[in-house]
Each structure stands twice: as C-alpha cells, then as structure tokens.
Amino acid sequence: MIIIPAIDLLDNCAVRLFKGQYEEKKIYSSEPWKLAEGFSKNGASLLHLVDLNGARNQIGINEDSILKIRETTSIKVQLGGGIRDKEKLAYYDKIGIHRFIIGTAAITNPDLLKHALDTYGKDRVVVAVDARDGIVKIAGWEKDSGIRYPDLLANLAKAGIKHVIFTDIAQDGTLAGPNIDAYREILDSFPFQLIASGGISSLKDLMDLSSLNTKIPLYGVITGKALYEGKLDLAQAISSL
C-alpha cells in the first residue's frame, strides 16, 4: 500500500476543505510547489493534485501552480478537477502528468472516459468516486448525481477501469478516521486497484487500512490534512508500511 500526499489547489493556494465545503476552507500554503518538493524529499512516489477551481468549471486559474509543481519536482502526479474534454487530457499529457483523474465526466460524458482509456491506457486513468450517504456527488461535490456508488462501481468494472479513488465526503477533511467498512466492501466486491481517501488522521488509520483482510489489498491511501496539521509524519508512515 502506498501513501499518496494530497495538494488541493484553490486560487493557486494549497487548501483543505471540510467535508467538501468550499466555504469551509483552510489555506496551508501560497507556494504549493514547495509542499510537493517536501513530499518528494520525504519519500513520496506519487502526488494527488486536485484543481478545485477546475472542478467547479473555473478553468485555468491554477495552471501556473500546476506547471510549477511539474517543473520543480520529479514526483509523479495524478491530477483531477475539471478534466471534461479531450483537449484537457492532451494538455496534461503534454506537460507530463502521470495519471488523469476523471470524476464528473465518468458519469456525464462516458465517451470521454472511453477515449482516455483507448488513448492513454488503463494504467494512466483513475476514476474518482465521491459519495455522501451512498450517493455519488459531481461538479466539485456540489451536485447530486442520483447514482448509488455500488452501481457506478459495477459499471466501471464492466468498462475495464483499473484504478479507482473512493472518497466518503462525510469523512473528508475531518480527521475522524476513514470509512473502513466501505473500503472492505469495495475490495471484496470489485477488482480495482483501490485508493482510499477521506478522514485519515493517524498512523493507526493507515495500519488499519493496510491490514484489511480482503480479496484484493488496498492499493493506496491519500492523506492531506493529517500531514498539514502535523498528525502524521510522511517519512515515518512510508517507512512503516
């Protein structure tokens, strides 16, 4: 299981939201590329980068920060937020993004998801499934899709998706611990390389996730606020797993 530090970009700053609510944000850095460099130096092999403005269809606001992160660190980046057309995929491919995270478009534009798979391959496409009370949310978590997450996961499995990030929005940014039961259910039901996201607060949370007795082991865990608040030491976490 790999540990994936997160940077959420809003107006070119690294922020964390509380339960996905934009009005409840906390700014941690106005130089997010320095955070990425620090994560790399502490042993992270993959960075989870989210364009929160892009998720709300506010295009291009964080472009300079995304480019600077790519230019100043060798860490691989999986990037999401506002990827809703072929041109955006091609642009991110050109600047060296390792994996593309598709969330809203996986529901609203399945042709784009198919294009991404056909053009870039299963290893470079990640689908983000973000749910609150069992229902998938889209458009920066601000709209209700009306789809239950097990139904969406079943469709993604049929489509040949390999990598999935599952976030329980009610846990995200709370430091209240992950939704262990949801991850256990998904890993026992679907063949994904699953990445857990939301609520990580301690090394114990990571150990609990890494020791899940499931058909398929958990591929990775995303953590952000626990790192920023000093509740989790990245280098220690990586060396412990």
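The structure displayed is predicted, hence computed values, not measured ones. (Residues numbered from 1 in each chain as written. Predicted model: local features only at pLDDT ≥ 70, side-chain atom pairs only at ≥ 80, totals over all residues. Heavy atoms only, no water.)

Peer 1: Sorry, what's going on with the overall build of the protein chain here?
Peer 2: Counting secondary structure elements, the protein chain contains 11 helices and 12 strands. Radius of gyration (C-alpha) of the protein chain: 16 Å, near the 18 Å computed for a compact globule of 241 residues. C-alpha atoms of the protein chain, sized along the principal axes, occupy 40 × 40 × 35 Å. Out of the 241 residues belonging to the protein chain, those deemed buried represent 53%. A separation of at least 24 residues holds for 71% of the contacts in the protein chain among residues at least 6 apart in sequence. Only carbon and sulfur atoms are counted for the fraction: they give 46% of the accessible area of the protein chain, which is about 10300 Å². Here the protein chain contributes 29 positive and 30 negative side-chain charges, whose respective centroids are spaced 2 Å apart. (Helix = DSSP H or I, 4+ residues; strand = E, 2+ residues; numbered from the N terminus. Rg over C-alpha atoms; globule rule 2.2 N^0.38 Å. Buried < 20%, exposed > 50% of the residue type's maximum accessible area, 1.4 Å probe, protein only. Contact = heavy atoms within 4.5 Å. Areas by Shrake-Rupley, 256 points an atom, 1.4 Å probe, with all protein chains shown as cover. Lys, Arg positive; Asp, Glu negative; His and termini not counted. Charge placed at Lys NZ, Arg CZ, Asp CG, Glu CD.)

Peer 1: Could you clarify how one ought to interpret the packing of aromatic side chains in this entry?
Peer 2: Geometry of an aromatic ring pair is reported as the spacing of the ring centres plus the angle between the planes. Across all of its chains, the model carries 7 aromatic pairs by this definition. Taken together, the ring pairs in this structure connect Y28, F39 and Y228 into an aromatic cluster. In this structure, R56 packs its charged tip against the face of Y22, placed 3.8 Å from the ring centre. (Phe/Tyr/Trp six-rings, centres within 6.5 Å; stacked < 30°, edge-to-face > 60°. Lys NZ or Arg CZ within 6 Å of the ring centre and 35° of its normal.)

Peer 1: Quick question: what am I supposed to make of the side chain of D205 here?
Peer 2: With respect to the helices and strands, D205 occurs in helix α9 (residues 203-210). Contact partners of D205, with chain neighbours within four places excluded, come to G177, P178, G199 and I200.

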